[in-house]
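Structural overview for review
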Amino acid sequence: MKLKRFAPAAAILAAGALTLSACGGSSDNGDKGGDNGGDKAVSGTLIGGGASSQEAAMTAWAEGVKADNPELSVNYDPVGSGSGRKGFLGSQYSFAGSDAALKDEELEEAKKVCGDGGAFHVPAYISPIAVAYNLPDVDEVKLDAETIAKIFAGEIKKWNDDAIAKQNEGVELPDMDIVPVHRADDSGTTENFTAYLTEAAGDAWKPGEIETWPKELGGESAQQTSGVVSLTQQKEGAITYADASQVGELGTVSVKVGEEYVPYSAEAAAKMVDASKPGEAGAIELDRKSEESGVYPIVLVSYHIYCKQYQDQETADLAKAFASYVVSEKGQKDAEAAAGNAPISQTTRDAAMKEIDAITAQG
């Protein structure tokens, strides 16, 4: 199997969900000269939860923010994007990590906990989604969008199927059952993966862009990113989709873009994002049908979601300090070293900081 190109995932920061007001927390401002969007360091605990794709990066961020704010603790529960957004909207978390932007109805619901200003997205983590497989002695597999769609729809069932073989001349593909592995939980990674299939695979992918995998498609499932990777590692013939930082030594698919097959890389993911358009409330609209050379099209932009206004100044200060560090050049470099993600561009950073600097307290 092909060796991974990303750094190993770090440990989970928090073992379970913690309950507190989405606008709650504790903070004592002190004159410590931190680079936190103001001129004072902060102390207290900021509680977040959501995308498991951010697990390795979040560990690095929680440690790195202490350089300027030594008494700021960040507890993050990697429960998945859907649960993270629900927790944020339900006053469980002060911020959410999500591999998908808030839907229109969620943006409206956010006003209940964030005031009339609602919530906004900070593009914090850019990463390719790897299509990863467990086939001993097969170093690389090339696939187009249509074939990937039919594999995960259960229509292509053998690794030596003609649709796969004709794209992999000279590769000895086994006469082995394909075992598609998908997320069991509501997942932003699933939403991004199926958004790619919806846009790029045409009629070969019928379920559309979905966050919850349809039971009728079959396959096997596991909770969170670590779960699908672990299950795929255990089963020869298995294939899954996962944040590339966590695929370990599984083989990975080179995806057809235009007339070439492109392996995943942070650089190819960043190139995809730079060519995309800004969306609502800080979100990014990706062009997943791009045929530009060197672009890797299965990309997730994972967000941090914050209130524009928190119920108290203390939590506003904690959120502003952490958010400022995460999007800073240092914060992005710290995450890249831990997870191998693609750092955001200066243009994206400037737009994010404009929103972060405006975080305040209600009333």
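What you are looking at is a predicted structure, and each value in this text was computed from that prediction instead of being measured.

As a further point, take the overall build of the chain. When its secondary structure is counted, the chain shows twelve helices and 15 strands. Of all intrachain contacts in the chain linking residues separated by at least 6 positions in sequence, the fraction that spans at least 24 positions is 74%. Summed over all atoms, the accessible surface of the chain reaches about 14300 Å², with 45% contributed by carbon and sulfur.

The subject of this paragraph is helix 11 (residues 329–339). Residues that lie three or four places apart on an α-helix share one face, since the helix turns once every 3.6 residues. Listing the buried residues of helix 11 in full gives G331, Q332, A335, A338 and A339. All buried residues of helix 11 project into a common sector of 125 degrees when viewed along the axis, lining one side. Where helix 11 is buried, its residues contact helix 1 (55–64), strand 4 (119–133), helix 10 (313–327) and helix 12 (346–356). Just downstream of helix 11, G340 is the residue with a positive phi angle, here 75 degrees.

Residues of helix 8 (residues 224–234) that are buried: T225, G227, V228, V229, L231 and T232. The secondary structure elements touched by the buried residues of helix 8 are strand 4, strand 6 (179–183), strand 7 (220–222) and strand 8 (238–243).

With that out of the way, let us pick up the packing of aromatic side chains. According to the stated counting rule, one finds eleven aromatic pairs in the structure shown. When the ring of F95 is compared with that of Y306, the centres are 5.7 Å apart and the planes differ by 25 degrees; the resulting orientation is stacked. Note that F95 is positioned in strand 3 (residues 95–98) and Y306 in strand 13 (residues 299–307), a separation of 211 residues in sequence. Comparing F95 with Y306, the two get one shared label, buried. With centroids separated by 5.9 Å and ring planes inclined at 55 degrees, the aromatic side chains of Y133 and W159 adopt a geometry described as tilted. Of this pair, Y133 sits in strand 4 while W159 sits in the loop between helix 5 (145–152) and helix 6 (162–165), and the two are 26 residues apart along the sequence. Comparing Y133 with W159, the two get one shared label, buried. Each member of the aromatic cluster is reached from another via a ring pair, and the members are Y76, F95, F120, Y306 and F322.

It is worth spelling out the side chain of T232 at this point. Relative to the assigned elements, T232 resides in helix 8. Look past the residues within four positions of T232 in its chain and what remains in contact with it is A132, Y133, N134, V181, A238, I239, T240 and L250.

Glancing now at the environment of A101. Mapped onto the fold, A101 is located in the loop between strand 3 and helix 3 (104–109). Placed 22 residues apart in sequence, A101 and P123 show a C-alpha to C-alpha distance of 9.6 Å. With sequence-adjacent residues up to four places away left out, A101 is seen in contact with E106, H121, A283 and Y303.

Below, the discussion takes up the pattern of salt bridges. Two side chains that carry opposite charge are able to pair once their charged atoms sit near each other. Applying the stated criterion across every chain yields a total of twelve salt bridges. With a shortest N-O distance of 2.8 Å, E211 and R85 are connected by a salt bridge. A residue pair is termed long-range when its members are at least 10 positions apart, and E211 in the loop between helix 7 (188–200) and strand 7 and R85 in helix 2 (residues 81–89) qualify at 126 residues. Relative accessible area serves as the criterion here: at 15%, E211 is assigned to the buried category. The buried category is assigned to R85, whose relative accessible area is 2%. Of the charged contacts in the structure, one is a salt bridge between K103 and E191, with a shortest N-O distance of 3.9 Å. Residue K103 is located in the loop between strand 3 and helix 3, and its partner E191 is located in helix 7; the two are separated by 88 residues in the primary sequence.

This part covers the nonpolar core. One finds W61, F152, W205, Y306 and F322 to be the most contacted residues of the largest nonpolar core, which totals 112 residues. A total of eleven residues in this core trace back to one element, the largest contributor, which is strand 4.

What follows is about the pairing of strand 9 (residues 251–257). Burial runs high along strand 9: six of the seven residues are buried. For strand 4 and strand 9, the ladder comprises two bridges, and the chain directions are antiparallel. Across the sheet, the residue bridging to Y133 is G251, located in strand 9. The sheet contact formed by strand 9 and strand 10 (residues 260–262) spans three bridges and is antiparallel. For V257, the partnering residue across the bridge sits in strand 10 and is E260. Here strand 9 folds back onto strand 10, and the loop between the two strands holds two residues, one of which, G258, carries a positive phi near 65 degrees.

Before going further, it helps to spend a moment on the packing of helix 1 against helix 11. Put simply, helix 1 and helix 11 touch, their axes get as near as 8 Å, and they point 135 degrees apart. Classified by the angle their axes make, helix 1 and helix 11 are oblique. Every pair of crossing elements has a handedness; the one defined by helix 1 and helix 11 is right-handed. Judged by residue contacts, A56, A57, A60, W61 and G64 of helix 1 engage K330, G331, Q332, D334, A335, A338 and A339 from helix 11.

Calculation criteria
- Residues numbered from 1 in each chain as written.
- Predicted model: local features only at pLDDT ≥ 70, side-chain atom pairs only at ≥ 80, totals over all residues.
- Heavy atoms only, no water.
- Helix = DSSP H or I, 4+ residues; strand = E, 2+ residues; numbered from the N terminus.
- Contact = heavy atoms within 4.5 Å.
- Areas by Shrake-Rupley, 256 points an atom, 1.4 Å probe, with all protein chains shown as cover.
- Buried < 20%, exposed > 50% of the residue type's maximum accessible area, 1.4 Å probe, protein only.
- Arc of directions from axis to C-beta.
- Phe/Tyr/Trp six-rings, centres within 6.5 Å; stacked < 30°, edge-to-face > 60°.
- Salt bridge = Lys/Arg side-chain N within 4 Å of Asp/Glu carboxyl O.
- Core = buried A, V, L, I, M, F, W, Y, C linked by side-chain atoms within 4.5 Å.
- Pairing = 2+ DSSP bridges.
- Axes fitted to C-alpha atoms, helices over the stretch in contact; angles between N-to-C directions.
- Parallel < 35°, antiparallel > 145°, perpendicular 65-115°, else oblique.
- Left-handed = near helix turned anticlockwise from the far one by under 90°.

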